[in-house]
Amino acid sequence: MDGTTLKRLGTISKDRDNNLNLIRALAATMVLVSHAHPLAHGPGAIEPLQAELGHTLGTLSVFAFFVISGFLIPRSFDNSSSHVSFLVARALRLFPALLVSLVLVALVMGPIATELSLTAYLTHPKTLTFVPLNTTLVNLQYTLPGVFETNPYPTVTGSIWTLYYEVLCYMGLFLAGVIGMMRRKWLMGLAIFCLLVAWTAIVWLEPPIHNRIYLTIKLAVPFAVGTAFYLWRDRLPISSVIVAALVALTWILRDTPIYDVALIVTIGYGIFWLAYVPGGMIRSYNRLGDYSYGIYIYAFPIQGFAAWAYGPMTPAMNVLLALPATVAISVLSWHMIEEPSLRSRRWLSARLTGQRQAKTGRV
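What counts, and where the lines are drawn
- Residues numbered from 1 in each chain as written.
- Predicted model: local features only at pLDDT ≥ 70, side-chain atom pairs only at ≥ 80, totals over all residues.
- Heavy atoms only, no water.
- Axes fitted to C-alpha atoms, helices over the stretch in contact; angles between N-to-C directions.
- Helix = DSSP H or I, 4+ residues; strand = E, 2+ residues; numbered from the N terminus.
- Parallel < 35°, antiparallel > 145°, perpendicular 65-115°, else oblique.
- Contact = heavy atoms within 4.5 Å.
- Salt bridge = Lys/Arg side-chain N within 4 Å of Asp/Glu carboxyl O.
- Buried < 20%, exposed > 50% of the residue type's maximum accessible area, 1.4 Å probe, protein only.
- Core = buried A, V, L, I, M, F, W, Y, C linked by side-chain atoms within 4.5 Å.
- Disulfide = S-S within 2.5 Å.
- pLDDT = per-residue confidence, 0-100.
- Polar contact = N/O pair within 3.5 Å; in protein donor to acceptor, adjacent residues only side chain to side chain.
- Patch = residues over 30% accessible without salt bridge, like charges linked within 9 Å, V, L, I, M, F, W, Y side chains within 5 Å.
- Areas by Shrake-Rupley, 256 points an atom, 1.4 Å probe, with all protein chains shown as cover.
- Phe/Tyr/Trp six-rings, centres within 6.5 Å; stacked < 30°, edge-to-face > 60°.
- Lys NZ or Arg CZ within 6 Å of the ring centre and 35° of its normal.
- Left-handed = near helix turned anticlockwise from the far one by under 90°.

Asker: Describe in detail the packing of helix α5 (residues 83-113) against helix α13 (residues 292-310), supporting the description with residues and values.
Answerer: Following both chains from N to C, one finds α5 and α13 inclined at 10°, their axes separated by 10 Å at the closest point. Comparing the axis directions of α5 and α13 gives the class roughly parallel. Along the contact surface, α5 presents Arg-93, Leu-94, Ala-97, Leu-98, Val-100, Ser-101, Leu-104, Val-105, Met-109, Ile-112 and Ala-113, while α13 presents Tyr-293, Ile-297, Tyr-298, Pro-301, Phe-305 and Trp-308.

What follows is the structure in structure tokens.
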């Protein structure tokens, strides 16, 4: 067994010296690679790993994102000075960069790629509703008038649909924290167990349920697994031997109803091994920044623009054309939008808390 066998996740995850930024950036890049197939060949294109693992590379990457969030968000809740501070931090992480990306897509990329005249495009109802509808995350608008209509996959933005479910997970965790469930591990454990059973039953029985309920449960599972890793981090040993054992067990369970749960647990455990065990030069990536969110929200429109500008292409060509521009814009997004927004969270939290206290004092 390796030298990390007796090390607990709680011990090695106490500081920010880890590989999570790099893992998230790679996961976002894998979403780009996955989407290159339908963007190049149209809906229904077979994507990487879909036949072997039952999920696309993009879905596996989304599972990874939700596991990581499930681990980090409860820690953020525990470390927040107030409930307001927690909510402000979460909002600033998601919405400023999202808003800027939507404006750029609608008002820069859209006028370039649309088949309509500039006046007709800018005054079209769907152009006017694109930013506000997508900022709410509830009823997304995936197209812009006259944009990418000749593409194999005529959609302007396709990745941000998961943000709605991420916010739902945040709010579920927030509610659990507010009512005290986070302090009662047995109760959280029971809730997580019931969620895993519910998802297993859905996979097994395939009941007719609304798609939003289906997706909420599906994405809540990796988030809940990440939360379980956080809650029991002080008891969880991190070892490459356990990684190998989980991979083998998951493969054995491949044709059973609990395969999805086993796969997500394995992904989660593997992520935390990769995040906290390998060290050395690889940790220097943290000096660059957290570019994963920018890659995630900008990749799809840039890939669509590449398909529109260059015509028919292979998935590999789509990746080669879109990835450099996506990374470049993501770097700018982090340093110009995301990081400055996050730096303002304490000031904004104090302002909101002060206003609330002032109002309370007048009652």
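Asker: Before we move on, could you go through the pattern of salt bridges and cite the residues and values that matter?
Answerer: Using the criterion set out here, one finds 5 salt bridges in the structure. A salt bridge links Asp-17 to Arg-283; the nearest nitrogen and oxygen atoms lie 3.4 Å apart. Of this pair, Asp-17 sits in the loop between α1 (9-12) and α2 (20-41) while Arg-283 sits in the loop between α12 (259-276) and α13, and the two are 266 residues apart along the sequence. Taking the relative accessible area as the measure of exposure, Arg-283 reaches 13% and is therefore buried. Taking the shortest distance from any N to any O, the salt bridge between Glu-338 and Arg-93 comes out at 2.9 Å. Of this pair, Glu-338 sits in helix α14 (residues 315-343) while Arg-93 sits in helix α5; the two residues are 245 residues apart in sequence, bridging distant segments of the chain. By relative accessible area, Arg-93 is classed as buried at 15%.

Asker: Account for the nonpolar core, naming residues and giving values.
Answerer: Within the largest apolar cluster, 93 residues are counted, with the highest numbers of intra-cluster contacts made by Phe-66, Phe-71, Phe-130, Val-156, Ile-271, Phe-272 and Tyr-276. For Ile-271, the contacting residues outside a window of four places in its chain are Leu-20, Ile-23, Ala-64 and Ile-68.

Asker: Lay out the state of the cysteines in plain terms, naming residues and giving numbers.
Answerer: Should the sulfur atoms of two cysteines be covalently bonded, the bond is a disulfide. Overall, the coordinates contain 0 disulfides when judged by the stated rule. Distance from the sulfur of Cys-169, which forms no disulfide, to the nearest cysteine sulfur (Cys-194) is 16 Å. Note on Cys-169: relative accessible area 11%, which makes it buried. Taking relative accessible area as the criterion, Cys-194 reaches 44% and is therefore assigned partly exposed.

Asker: Would you mind going over the confidence of the model for the protein chain in detail, with residue names and values included?
Answerer: Residues with a pLDDT of 70 or more make up 96% of the protein chain, whose mean pLDDT is 92. Per-element averaging of pLDDT across the protein chain places helix α15 (residues 345-362) at the bottom with 67 and α13 at the top with 97. Below pLDDT 50 for its whole length, residues 1-5 participates in 14 contacts with residues either more than four positions away or in separate chains. Confidence drops under a pLDDT of 50 for residues 356-363, and excluding neighbours within four residues, the segment shows 1 contact in the predicted structure.

Asker: Could you give an account of unusual backbone geometry, with specific residues and numbers?
Answerer: Here Leu-137, not a glycine, exhibits a phi torsion of approximately 70°, which is positive. Inspection of the secondary structure assignment puts Leu-137 in the loop between α7 (125-136) and α8 (161-178). A relative accessible area of 4% means that Leu-137 is categorised as buried. Even without glycine at this site, Phe-148 takes up a positive phi of about 60°. Among the secondary structure elements, Phe-148 is positioned in the loop between α7 and α8.

Asker: Can you tell me about the environment of Ser-330, naming the residues and giving the values?
Answerer: Residue placement: Ser-330 occurs in helix α14. Look past the residues within four positions of Ser-330 in its chain and what remains in contact with it is Tyr-291, Gly-294, Ile-295 and Glu-338. Within the local environment of Ser-330, its side chain forms a polar contact with the backbone oxygen of Thr-326, the two atoms lying 2.6 Å apart.

Asker: Report on a nonpolar patch on the surface, specifying residues and quantitative values.
Answerer: A cluster of nonpolar side chains, Leu-99, Val-103, Leu-104, Leu-107, Val-108, Ile-112, Leu-118, Leu-122 and Trp-308, forms an exposed patch at the surface whose accessible area comes to about 750 Å². Of all the secondary structure elements, the ones that give two or more residues to the nonpolar patch are α5 and α6 (118-123). In terms of residue count, α5 provides more of the nonpolar patch than any other element does, 6 residues in total. A residue is classified by how much of its surface remains accessible, and Val-108, at 45% relative accessible area, is partly exposed.

Asker: Go over the packing of aromatic side chains, please, and point to the residues and values.
Answerer: Going through the model one piece at a time under the given rule, you end up with 14 aromatic pairs. With a centroid separation of 5.4 Å and 75° between ring planes, the pair formed by Phe-77 and Phe-86 is classed as edge-to-face. Side by side, Phe-77 and Phe-86 carry an identical accessibility label, which is buried. Measuring from ring centre to ring centre gives 5.3 Å for Phe-305 and Trp-308, while their planes differ by 45°; the resulting arrangement is tilted. You can see Phe-305 and its partner Trp-308 sitting in helix α13, 3 residues apart, about one turn around the helix. A connected cluster of aromatic rings, assembled from ring pairs, spans Phe-71, Phe-229, Tyr-230, Tyr-269 and Phe-272. The positively charged end of Arg-90 is found above the aromatic ring belonging to Phe-86, 5.8 Å away from the centroid. The ring of Tyr-170 has Arg-90 sitting right over it, with the charged end atom 5.7 Å from the ring centre.

Asker: Outline the packing of α8 against helix α10 (residues 211-231), listing residues and values.
Answerer: It is at 9 Å that the axes of α8 and α10 come closest, and there the two elements cross at 55°. As judged from the angle between their axes, α8 and α10 are oblique. The handedness of the crossing between α8 and α10 comes out as right-handed. Seen from α8, the contacting residues are Trp-161, Tyr-164, Tyr-165, Leu-168, Cys-169, Tyr-170 and Leu-173; seen from α10, they are Arg-212, Leu-215, Thr-216, Leu-219, Ala-220, Phe-223 and Thr-227.

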